[in-house]
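Observations on chain architecture
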Amino acid sequence: MFNLLKNKLSSFINSFSKKTEDKIEEKEKEVKEAKKEEKEEKEEKGAKEKLEVRLSLESKAKAVFLSEIEIKEKDVDDLLTDLEMSLLEADVAYDVSKSMCDELKKKLVGMRVQKHGVSETIRGVIRDVLAEKLGARRLDFIDAVEHAPRPVKILFLGPNGAGKTTTMAKLARRLGEHGMKCVFSASDTFRAAAIEQTEHHGKKLGIEVIKHKYGADPAAVAFDAINYAKAHGIDVVLIDSSGRQETNANLLDEMKKIVRVAKPDLKIFIGESIAGNAIVEQVKKFHEVLGLDGIILTKIDCDAKGGSTLSIAQTSGVPIIYIGTGQNYEDLEEFDARKIVDEILS
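All values reported here derive from a predicted model rather than from experimental measurement. (Residues numbered from 1 in each chain as written. Predicted model: local features only at pLDDT ≥ 70, side-chain atom pairs only at ≥ 80, totals over all residues. Heavy atoms only, no water.)

1. Considerations on the sheet that holds strand β9 (residues 320-324)
What holds strands together in a sheet is hydrogen bonding between their backbones, with the strands either parallel or antiparallel. Strand order across the open sheet formed by eight strands is β5-β4-β6-β3-β7-β8-β9-β10, with mixed pairing between neighbours. The sheet is open, and its two edges are formed by β5 (208-210) and β10 (332-334), each paired on a single side. For this sheet the average axis-to-axis angle between neighbouring strands, irrespective of direction, equals 25°. By the bridge criterion, three bridges tie strand β4 (residues 182-185) to β5 in an arrangement that is parallel. Its bridge partner being in β5, V183 is matched across the sheet by E208. (Pairing = 2+ DSSP bridges. Helix = DSSP H or I, 4+ residues; strand = E, 2+ residues; numbered from the N terminus. Axes fitted to C-alpha atoms, helices over the stretch in contact; angles between N-to-C directions.)

2. Description of the side chain of K170
Here K170 lies in helix α7 (residues 164-177). Of the side chains with opposite charge, D331 lies nearest to the buried K170, which makes no salt bridge, at 5.5 Å. There is a polar contact of 3.0 Å between the side chain of K170 and the backbone oxygen of D331. Setting aside residues up to four positions removed in sequence, K170 forms contacts with G324, T325, G326, Q327, N328, Y329, D331 and L332. (Buried < 20%, exposed > 50% of the residue type's maximum accessible area, 1.4 Å probe, protein only. Lys, Arg positive; Asp, Glu negative; His and termini not counted. Salt bridge = Lys/Arg side-chain N within 4 Å of Asp/Glu carboxyl O. Polar contact = N/O pair within 3.5 Å; in protein donor to acceptor, adjacent residues only side chain to side chain. Contact = heavy atoms within 4.5 Å.)

3. Let's talk about helix α3 (residues 73-89)
Compared with the 24 Å implied by 1.5 Å per residue over 17 residues, the 24 Å span of α3 between its first and last C-alpha is a close match. Among the residues making up α3, those that are buried are D75, V76, L79, L80, L83, S86 and L87. Directly after α3, the chain includes D91, whose backbone phi takes a positive value near 75°. (Expected span 1.5 Å × (residues − 1).)

4. Quick notes on the packing of helix α5 (residues 118-134) against helix α12 (residues 308-316)
Direction vectors running N to C along α5 and α12 enclose 60°, while the axes themselves pass 8 Å from each other. The segment α5 lies against α12, with L130, K133 and L134 engaging T309, L310, A313 and Q314. A breakdown of the residues in the contact of α5 with α12 according to their chemical character gives four nonpolar, two polar and one charged. (Nonpolar A, V, L, I, M, F, W, Y, C, P; charged D, E, K, R; others polar.)

Written out as structure tokens, the structure is:
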């Protein structure tokens, strides 16, 4: 009898504790959501204040009698100065920031807008221009792979520590979701740990890894992986490579050899969004030497604003196709120009 009472009491306590924990967790979630909404409202309000048009006395006087007004240069001078500072604070390169603001001035001055919607119209124009610059060149990665001759060869390149191997694995998962079979080429033979990392991802994703011993010819590994894909009906060969800086001519020559041997259909640059203006120079050099087809920016979750994306798009002309938002396989998002612009302006 005592044991039965003890068990019931224990069960009641456990149930009460569980309900209390659930309520606390639910309350914490509500508080977190409320804080998030408050932060978003503040950011939106801040963005609007930054992009507020302060009309000159001349324009204000005309607005009294007219339903629409013509934007004068002095109406947008302060606005564009604030915008340029916002772009610089978001890690947009100085030359790009100035070029953007100069172009916006040409577009805005002389524009006729309804007097009651001046600021809203101007904000819309700014967002449209920046988003257009970011998304001027696009690459539908999945569509490009689906319509390319088999096997499709994709080479991943970029500086050390940018996350090439992990990003390659993320793309393999995404390609698998579209019914395409992949094989990994462990062509980063300069680091034994890199081969092990590729094997780790291959095991988790159920993907075959073609490898040679440490220090082997990277191009030879890619060659064997392509032949394996042809023999086994594999759709896509994903070729890893060792990290290299754009200033190392010898390593870039080694990459040229991989390109000559593998003849990749797509050459994808993997770089850290948090590298700031350094990544702009990296992309320009790699594109100049090897010819890039697309860019994937990693660690965007660590980048406060993402302004480097605008610099890259404007200076290189190479499309940004994905952004990495974490270490998990699903942490890969298609590049959304408008979302990045909103971040830059917030």
